[in-house]
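Residues per chain, in single letters:
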Amino acid sequence: MVGNILTKDEDKTESVGPDGIYLRVLKELAEALTKMLSILISSSWSTEKIPDDWRLASVTPIHKKDQMEDLGNYMPVSLTLIDGLEEKLALCRQSMEEVDLKLRREKLSPEGRKSLEREKNLLMTKADNYEKELRVLRKENRKNAAFAVAMGLLIALIYACWTM
């Protein structure tokens, strides 16, 4: 059954998810995937260990539209996005310090000074934008972390009731 579903010609109008899997495939395999996921979560819960593969990426659901109760209204965002923004912000601040140092220490022509001041202003604007993006992502991550924990507990509760 699984082989037939995976090798079946895909609808050209349907797009794949971020994991490269068509939604139709997930829907058709929902029962098998649910059981396997339940076993994995139960095993992790009982041993109090998280598999190493689960630690490779830190993905959090970000609400994108409509009702928050509908899981289809979320998109997965890897926290490496935040790491990348923090790195860009750090590089931007470092460049600002270098420009500022040049402005203070070097003898510059009026045109050279004006050029460096423009560069510094551009870097400040860029840093402000990175900071705003980081604030928004961190705020969403805090909200969604609580939601993710609640969903995990709900799945564990459903599994416990299901296996009784």
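The following paragraphs examine the structure supplied in this document.

Calculation criteria
- Residues numbered from 1 in each chain as written.
- Predicted model: local features only at pLDDT ≥ 70, side-chain atom pairs only at ≥ 80, totals over all residues.
- Heavy atoms only, no water.
- Helix = DSSP H or I, 4+ residues; strand = E, 2+ residues; numbered from the N terminus.
- Buried < 20%, exposed > 50% of the residue type's maximum accessible area, 1.4 Å probe, protein only.
- Contact = heavy atoms within 4.5 Å.
- Areas by Shrake-Rupley, 256 points an atom, 1.4 Å probe, with all protein chains shown as cover.
- Core = buried A, V, L, I, M, F, W, Y, C linked by side-chain atoms within 4.5 Å.
- Salt bridge = Lys/Arg side-chain N within 4 Å of Asp/Glu carboxyl O.
- Patch = residues over 30% accessible without salt bridge, like charges linked within 9 Å, V, L, I, M, F, W, Y side chains within 5 Å.

So, about the overall build of the protein. Scanning the protein from N- to C-terminus turns up five helices and two strands. Mapped from its N terminus to its C terminus, the protein presents α and β elements in the order α-α-α-β-β-α-α. Counting only residues that meet the buried cut, the protein has 17% of its 164 residues in that class. Taking as baseline every contact in the protein between residues at least 6 positions apart, the subset at least 24 positions apart corresponds to 47%. Summed over all atoms, the accessible surface of the protein reaches about 12900 Å², with 58% contributed by carbon and sulfur.

What follows concerns the nonpolar core. Formed by Leu85, Leu89, Cys92, Met96, Val99, Leu103, Leu116, Leu123, Ala127, Tyr130, Leu134 and Leu137, the largest nonpolar core amounts to twelve residues. Listing elements by their share of this core, those giving two or more residues are helix 4 (80-105) and helix 5 (110-162). Residues contacting leucine 116, with those up to four places away along its chain left out, are Val99, Lys102, Leu103 and Leu108.

This part covers the pattern of salt bridges. On inspection of all chains with the given rule, the structure shows three salt bridges. Of the charged contacts, one joins arginine 104 and aspartate 100 as a salt bridge, the two residues approaching to 3.3 Å between their closest N and O atoms. In this pair, arginine 104 and aspartate 100 are both assigned in helix 4, four residues apart and thus about one turn of the helix distant. Among the residues examined, aspartate 100 registers a relative accessible area of 23% and is labelled partly exposed. The shortest N-O distance in the salt bridge between lysine 120 and aspartate 100 comes to 3.0 Å. A residue pair is termed long-range when its members are at least 10 positions apart, and lysine 120 in helix 5 and aspartate 100 in helix 4 qualify at 20 residues. Connected through shared salt-bridge partners, Asp100, Arg104 and Lys120 make up one network.

A surface patch of nonpolar side chains, amounting to about 420 Å² of accessible area, comprises Ile21, Leu23, Leu26, Leu33 and Met36. When contributions to the nonpolar patch are tallied by element, the ones reaching two or more residues are helix 2 (23-28) and helix 3 (30-47). Looking at the element boundaries, methionine 36 is found in helix 3.

As for its position among the elements, lysine 102 is in helix 4. Contact partners of lysine 102, with chain neighbours within four places excluded, come to Leu108 and Leu116.

All right, on to the environment of leucine 91 then. Inspection of the secondary structure assignment puts leucine 91 in helix 4. Taking the C-alpha atoms as reference points, leucine 91 and leucine 123, 32 residues apart in sequence, are found 9.9 Å from one another.

Looking at the element boundaries, serine 38 is found in helix 3. If we skip the residues at most four places from it in the chain, serine 38 touches Tyr159 and Trp162.

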